[in-house]
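Tertiary structure, described
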Amino acid sequence: GAVKQEDRNCNSDGENEARDYSWNIKLGKLCEFQSLHGHTDVPSENRNLFQWISEQRFEYCRKELGEYSTMTEEREKQLNEIGFQWKVEDLARNHDSKWRTYFDQLIEVEES
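Residues numbered from 1 in each chain as written. Predicted model: local features only at pLDDT ≥ 70, side-chain atom pairs only at ≥ 80, totals over all residues. Heavy atoms only, no water.

1. Concerning the environment of D20
As for its placement among the helices and strands, D20 is situated in helix α2 (residues 15-37). Classification of D20 as buried rests on a relative accessible area of 16%. Each C-alpha atom, one on D20 and one on T70, is 10.0 Å from the other, the two residues being 50 residues apart in sequence. (Helix = DSSP H or I, 4+ residues; strand = E, 2+ residues; numbered from the N terminus. Buried < 20%, exposed > 50% of the residue type's maximum accessible area, 1.4 Å probe, protein only.)

Structure below.
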């Protein structure tokens, strides 16, 4: 069976459980957003989710640098499964290529 979170952390005070519960709620909201919009690029108007995404990127960077981080392998895997963009540059590049595609299509329509 699955290893319980508390077994891995040897922490039975429930603090990690509460943190995991909160994290899973936010992940659920991001999954809903992704289902509706086809991407995980949440606009800043959606303050809570936008802030949570920023925290995930920050924790990911800390993990990559070998610092203490709340970003576990499991969390990283779950975010990867829904196409989460870890680096803002990737996001910008993605938007840029989409914009170019739309622009090229517009030019083709104008020329025909």
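Okay, back to it.
2. Some words on the packing of aromatic side chains
What the rule picks out here adds up to 3 aromatic pairs. On the basis of an interplanar angle of 75° and a centroid distance of 4.7 Å, the ring pair of F84 and W86 is categorised as edge-to-face. Among the residues examined, F84 registers a relative accessible area of 5% and is labelled buried. Under the relative-accessibility criterion, W86 is labelled buried at 10%. By the ring-pair criterion, three or more aromatic residues cluster together here, those being Y60, F84 and W86. (Phe/Tyr/Trp six-rings, centres within 6.5 Å; stacked < 30°, edge-to-face > 60°.)

3. Notes on the nonpolar core
In this structure, L30, W52 and L79 are the most contacted members of the largest nonpolar core, which totals 14 residues. Dropping the residues within four chain positions of it, L79 is found in contact with W23, L27, L30, W52, Q56, M71, F84 and W86. (Core = buried A, V, L, I, M, F, W, Y, C linked by side-chain atoms within 4.5 Å. Contact = heavy atoms within 4.5 Å.)

4. Side note on the side chain of E59
Turning to its location among the elements, E59 is positioned in helix α3 (residues 47-64). For the buried E59, no salt bridge exists, and the shortest N-O distance to an oppositely charged side chain is 4.4 Å, to R62. (Lys, Arg positive; Asp, Glu negative; His and termini not counted. Salt bridge = Lys/Arg side-chain N within 4 Å of Asp/Glu carboxyl O.)

That is the geometry; function is a separate question.
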